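# Observations on the model geometry
Chain by chain, the residues run as shown.
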Amino acid sequence: MNLAKDKEPTFPTSYKEILQRIDAIDPLKYRASRNYIDGAVSYLSPYISRGVISTKFIFTEILKKGHHPKQAEKFIQELAWRDYWQQVWIAKADAINHDIKHIQAPVSNTEVPKAILEATTGINAVDKAIEEFYKTGYLHNHLRMYIAAISCNMGRSHWKSPAKWMYYHLLDADWASNALSWQWVAGANANKKYVANQENINTYCFTNQKGTFLDIPY
Ligand SMILES: Cc1cc2nc3c(=O)[nH]c(=O)nc-3n(C[C@H](O)[C@H](O)[C@H](O)COP(=O)(O)OP(=O)(O)OC[C@H]3O[C@@H](n4cnc5c(N)ncnc54)[C@H](O)[C@@H]3O)c2cc1C
């Protein structure tokens, strides 16, 4: 499903419309555009996380439509990430509530940065996304990464409180994907931290901001 840049996502509850959403998945467009805020992502996560549909069902429907697995690889990989994080949760249990591979460092606080809570980071794409998030319960994956990077790697907040804040507001709240992705961004579940910069944000969010605190080279 492609959304215009200024259109907010909606999440119908009729099963027929959910099936139409699965039918509309275009794996090639997805592969080419998923990182852009108006990309052809599926908006299926609330239904998956609430158990209305399964990743296996979506996978089967995609193959039934005749999409070649190779062409649908990127989309299938993302479904697999969701199930992988669930399996990590099952295997590691409470350990996912703590820094799982590395101790996050440096950490100076265990709060959610005020600028994130109030959508006043000064990064226009991020502030707009947070304001919309409060209304819709949805955030594009790239925005989740930018918000986590600003909170943990710039604001030096420990990942857990901001992760809980995001979880609380998400329609697709899934503690495995949430906690383990926040830890991935913060370097607690990866060997390096995810770094966001203004140039990358401008590219994927169609902004043209300069001189912000993220306007730095990689
Ligand atoms: C900091 C952070 C927090 C996150 N918290 C959650 C969460 O609480 N719940 C949640 O469902 N996802 C979470 N994700 C993963 C991802 O952002 C969402 O699943 C995705 O944006 C949902 O939109 P979509 O259905 O349009 O995804 P699409 O891109 O259309 O993908 C299809 C499906 O694949 C799965 N998927 C896609 N990307 C990922 C990913 N990176 N990791 C795991 N599964 C993925 C989801 O089930 C999604 O519905 C988080 C990612 C980050 C970086």
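Residues numbered from 1 in each chain as written. Predicted model: local features only at pLDDT ≥ 70, side-chain atom pairs only at ≥ 80, totals over all residues. Heavy atoms only, no water.

## Brief notes about a nonpolar patch on the surface
Where we set the bar: Patch criteria: residues need more than 30% relative accessible area and no salt bridge. Like-charged residues are merged within 9 Å; nonpolar side chains of Val, Leu, Ile, Met, Phe, Trp and Tyr are merged within 5 Å. For the area figures, the Shrake-Rupley method with a 1.4 Å probe applies, and any residue is considered shielded solely by the protein chains shown. Note on definitions: salt bridges are taken to be side-chain nitrogens of Lys or Arg within 4 Å of carboxyl oxygens of Asp or Glu. Put simply, DSSP marks the helices as runs of H or I at least four residues long and the strands as runs of E at least two long, and each gets a number from the N terminus on. Buried, partly exposed and exposed residues are distinguished by accessible area as a fraction of the type maximum, computed with a 1.4 Å probe on protein chains only: under 20%, between the cut-offs, and over 50%, respectively.
On the surface, Tyr-15, Leu-19 and Val-52 cluster together into a nonpolar patch covering about 250 Å² of accessible area. By secondary structure assignment, the location of Tyr-15 is in helix H1 (residues 15-23). Taking the relative accessible area as the measure of exposure, Tyr-15 reaches 43% and is therefore partly exposed.

## Examining the site of the ligand
The condition is simple: Proximity is defined per residue: any heavy atom of the residue falling within 4 Å of a molecule or strand makes that residue near it. For this analysis, a polar contact is any N or O atom pair within 3.5 Å, provided that within protein one partner can donate a hydrogen and the other can accept it, and provided that sequence-adjacent residues contribute only side-chain to side-chain pairs. Only Asp, Glu, Lys and Arg are considered charged in this grouping, and only Ala, Val, Leu, Ile, Met, Phe, Trp, Tyr, Cys and Pro are considered nonpolar; every other residue, Gly among them, is considered polar. Per the annotation, domain bounds derive from an automatic or database assignment of domains.
The immediate surroundings of the ligand are formed by 26 residues, with Tyr-30, Ser-42, Tyr-43, Asn-141 and Asp-172 found nearest. A distance of 3.1 Å separates an oxygen atom of the ligand from a polar atom in the backbone of Leu-44. For the ligand, an oxygen atom lies 3.0 Å from a polar atom in the backbone of Ser-45. Across the complex, the protein chains shield 96% of the 820 Å² of accessible surface that the ligand would expose by itself. At the level of elements, helix H3 (45-49), helix H5 (73-92), helix H8 (141-154) and helix H10 (175-185) are the ones that each hand at least two residues to the shell around the ligand. The element contributing the most residues to the shell around the ligand is H5, with 6 residues. Grouping the amino acids of the shell around the ligand by side-chain chemistry returns 15 nonpolar, 6 polar and 5 charged. Formed jointly, the shell around the ligand draws a minimum of three residues from each of two domains, domain 1 (15-94) and domain 2 (97-205).

## Focus on the pattern of salt bridges
A full pass over the atoms with the stated rule returns 11 salt bridges. Notably, a salt bridge pairs Asp-23 with Lys-65, separated by 3.4 Å at the nearest N-O pair. Placement of the pair is Asp-23 in helix H1 and Lys-65 in the loop between helix H4 (55-64) and H5, with a sequence separation of 42 residues. A relative accessible area of 45% means that Asp-23 is categorised as partly exposed. For the salt bridge of Glu-78 with Arg-34, the shortest nitrogen-to-oxygen distance reads 3.3 Å. With Glu-78 in helix H5 and Arg-34 in the loop between helix H2 (27-33) and H3, this residue pair connects regions lying 44 residues apart in the sequence. The class of Arg-34 is buried, set by a relative accessible area of 14%.

## With respect to the domain arrangement of the chain
Definition in use: Accessible area, probed at 1.4 Å, shrinks when two parts are joined; the buried area is that loss added up over both.
When the domains of the chain are assigned, the result is domain 1 (15-94) and domain 2 (97-205). Just the C-alpha atoms count here: the centres of domain 1 and domain 2 sit 22 Å apart. A buried area of about 1,700 Å², summed over both sides, lies between domain 1 and domain 2, and 58% of it is on carbon and sulfur atoms. Ranking the residues of domain 1 by area buried against domain 2 places Asn-35, Ile-37 and Trp-85 at the top, with a combined share of 34%. One can count 1 salt bridge joining domain 1 with domain 2. Across the pair Arg-82 and Asp-174 runs a salt bridge, and its minimum N-O distance is 3.3 Å.

## Some thoughts on H5
The cut-off we apply is this: The span expected for a helix works out to 1.5 Å for each residue beyond the first. The contact criterion used throughout is that any non-hydrogen atoms of two residues lie within 4.5 Å.
When the terminal C-alpha atoms of H5 are compared, their 27 Å separation across 20 residues agrees well with the 28 Å that a helix rising 1.5 Å per residue should span. Here H5 has its buried residues at Phe-75, Ile-76, Leu-79, Trp-85, Gln-86 and Val-88. Looking at the buried positions of H5, the neighbouring elements they touch are H2, H3, H4 and H10. Two residues or fewer past H5, Ala-93 is found with a positive phi of approximately 50°.

## Considering H8
End to end, H8 covers 19 Å across 14 residues, agreeing with the expected 20 Å (1.5 Å per residue, within 8%). Within H8, 11 of the 14 residues are buried, leaving the element largely enclosed by the surrounding structure. Of the positions making up H8, those classed as buried are His-142, Leu-143, Arg-144, Met-145, Tyr-146, Ile-147, Ala-148, Ala-149, Ile-150, Ser-151 and Cys-152. Those residues of H8 that are buried are in contact with helix H6 (114-117), helix H7 (124-136), helix H9 (160-169), H10 and helix H11 (198-205). Just past H8, the residue Arg-156 takes up positive phi, approximately 55°.

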